[in-house]
Each structure stands twice: as C-alpha cells, then as structure tokens.
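# Examining the three-dimensional arrangement
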Amino acid sequence: MSGGGTAGTTDVDVEALIENAEGADSPFEYRPGSSPLHRLNPVTKLVASGALILIAFLLPTFWGPLALTVGLFALVATAGAGVARSVGTVLVAVGGPLALSLVLIQGLFYPQNETVLVSLAVPVIDRLAFYEEGIEFALLILFRLTVLMIALLGAIVTTHPKKLTVALMEKGVSNKVAYVFMAALQFIPQMQTRAKAILDAQQARGLDTAANLRRRLKSYVALMAPLLIGTLISTETRALALESRGFTRKGERTYLLDVSDSAFDRAIRWLSVLAVIAVFVWRLLL
C-alpha cells in the first residue's frame, strides 16, 4: 500500500469485490452501479445533500421544496432501478403516514387558519373544515422532509461505506469519527440481516409469530435477546479486528481504495456552498 491517501498496490481488485458484494436487500444499503451519481466523491455527495436540505428549509413556501423533491427523485432515478426502489420504499413507508398526519393536524388546528379549503359533513360534530393555510404549512413541512430523505438516502445508497470512510479521512476527518460514520450507515442493514436470521431460526423451532398480540409480544422477546447478545459479540469482535490492524496507531495511513476527487467534484462543492449563501441572503432581503 502506498501512503498519502493514495490507493495501495495489491493483486486483489478491491473495487470489484465491493461492487459484487451481496447485501441484505435493505433500502438503506449500498446499491452498486456506475452512474454519474455513483462516481461522485462521497464528500461531494454529502456537501451537496446538506446544501439542498438547508435550501429546502430556507425556502418560504412549499413550491420550492416540492420542485427540489421532484428534481432530486428524478436525479436519483438515473442512478438505477435499485437506487430508485430503495428511496421510493422509504418515501412511501415514512412519507405516507407523515403526510396523512400533517394534513390532518395542520389542516384542522394550524393557529393561522382562516380560509376554508374543504368542508366535510361528519356525524356527531356536524362539519369538519380543512383550512388552506394549514394545508400549505403541512405541505411545506412534508416536502422539506422529503428533500431531506431523498438527499441523504440518495447519497447513502450510491456510496459504499468503505469509500465514504476513506474519502472523509482523506479530507482530514479523524479515523475514529469516520469509522463511527461508517458504522452508523451499516448498523440498520446489519441489524435487519441478523434479526431475519434469528427470526427464521426461531420459526424453524416452532415459534409462532402470526398469532394474537400476546403471543407476538412473547415472540419479539425471544427475538430481541439473541439479537442484542449477537450485536454485542459482533461489536467486540469488530473492535478486536480493528485493533489488530492498528486502527488506533498514529502516523501516515495507506488505503486499498482509490477515491477520486476531480475538479468537477470540487466545483459542485463550491456551487453548493454558494447556493446556500445566495438563498440565505435572499431570505434576509425579503
């Protein structure tokens, strides 16, 4: 391996191993691909995602975040069907209930409600009125959150955690902080994989997970105990493996992965920062 943040010399094609690795089919897991989004430097994706989220929260009406939501999802869809399916799954699972609750609560009880948009006849309470101001506020919150979800998920599922770790360390981030970042990204897929394996094993031994609520609660207790114990054992094993590879040693480090940082990446990062400043100044002048 060579130093100074460059890729090391090895007979093993590390990039191919990463691209061909099979995952647990979690919507939060890396989806291999060769799209322009995949090829961007991981730090560029994080900076651009952060900038888009800030812009969405700075814009005063829901039309801006709505346009960002549509544009971002179209961009994510160009990265491949797997990426679009992952992002779409999370959007439907989280955004659906969120949209319903926001419209109900804000449409009915938003303090600045004045203009009735829809009035429904309801037994017992006579009429139920949804107000325009509350619905617009609900849409503003909803589309700001969808921008946040699409931007972060798009960056996560098109970036392998190992590449993200190397890219962060090459930018001067502490190896411990970079590792925590990578571990956080891998936590949900690994827990899902372990939970599914334990559940399959328990069901093979006669565990009934489709019974009434009381039996289901007992089933989850039977699931949680080995899941937590397995997670603790895995954490200890990983800590020992990291220590044996000199994770805490100081000095120059070498990497097996080569994470490119082109002029195009740098331009995107600067444009992201300038866009946030421009929107912020625009809001101050309004």
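Look up a bit, the structure's there.
All of the points below concern the structure found in this document. (Residues numbered from 1 in each chain as written. Predicted model: local features only at pLDDT ≥ 70, side-chain atom pairs only at ≥ 80, totals over all residues. Heavy atoms only, no water.)

### Some thoughts on the pattern of salt bridges
All told, the structure shown has 2 salt bridges when counted by the stated rule. Of the charged contacts, one joins Lys171 and Asp261 as a salt bridge, the two residues approaching to 2.4 Å between their closest N and O atoms. Here Asp261 lies in the loop between α9 (213–244) and α10 (263–285) and Lys171 lies in the loop between α7 (161–170) and α8 (175–204), a separation of 90 residues in the sequence. Judged by its relative accessible area of 24%, Asp261 is partly exposed. With a shortest N-O distance of 3.1 Å, Asp261 and Arg269 are connected by a salt bridge. According to the relative accessible area criterion, Arg269 is buried, its value standing at 14%. (Salt bridge = Lys/Arg side-chain N within 4 Å of Asp/Glu carboxyl O. Helix = DSSP H or I, 4+ residues; strand = E, 2+ residues; numbered from the N terminus. Buried < 20%, exposed > 50% of the residue type's maximum accessible area, 1.4 Å probe, protein only.)

### Overview of helix α4 (residues 63–77)
Here α4 spans 21 Å end to end across 15 residues, near enough to the 21 Å set by a 1.5 Å rise per residue. Buried residues of α4: Pro65, Leu68, Thr69, Leu72 and Val76, and no others. For α4, the buried positions fall inside an angular range of 105 degrees around the axis, keeping them on one side. Exposed residues on α4 whose side chains face more than 90 degrees from its buried face are Trp63, Ala67 and Val70. At its buried positions, α4 is contacted by α2 (36–39), α3 (42–58), α5 (81–109) and α6 (132–157). (Expected span 1.5 Å × (residues − 1). Arc of directions from axis to C-beta. Contact = heavy atoms within 4.5 Å.)

### Quick look at the packing of α4 against α6
Here α4 crosses α6 at 25 degrees, and the two axes come no closer than 8 Å. What the angle tells us is that α4 and α6 run roughly parallel. Where α4 crosses over α6, the two elements pack in a sense that is left-handed. Contacts from Pro65, Leu66, Leu68, Thr69, Leu72, Phe73 and Val76 of α4 reach α6 at Leu140, Phe143, Arg144, Thr146, Val147, Ile150, Ala151 and Gly154. Of the residues in the contact of α4 with α6, the class split is 11 nonpolar, 3 polar and 1 charged. (Axes fitted to C-alpha atoms, helices over the stretch in contact; angles between N-to-C directions. Parallel < 35°, antiparallel > 145°, perpendicular 65-115°, else oblique. Left-handed = near helix turned anticlockwise from the far one by under 90°. Nonpolar A, V, L, I, M, F, W, Y, C, P; charged D, E, K, R; others polar.)

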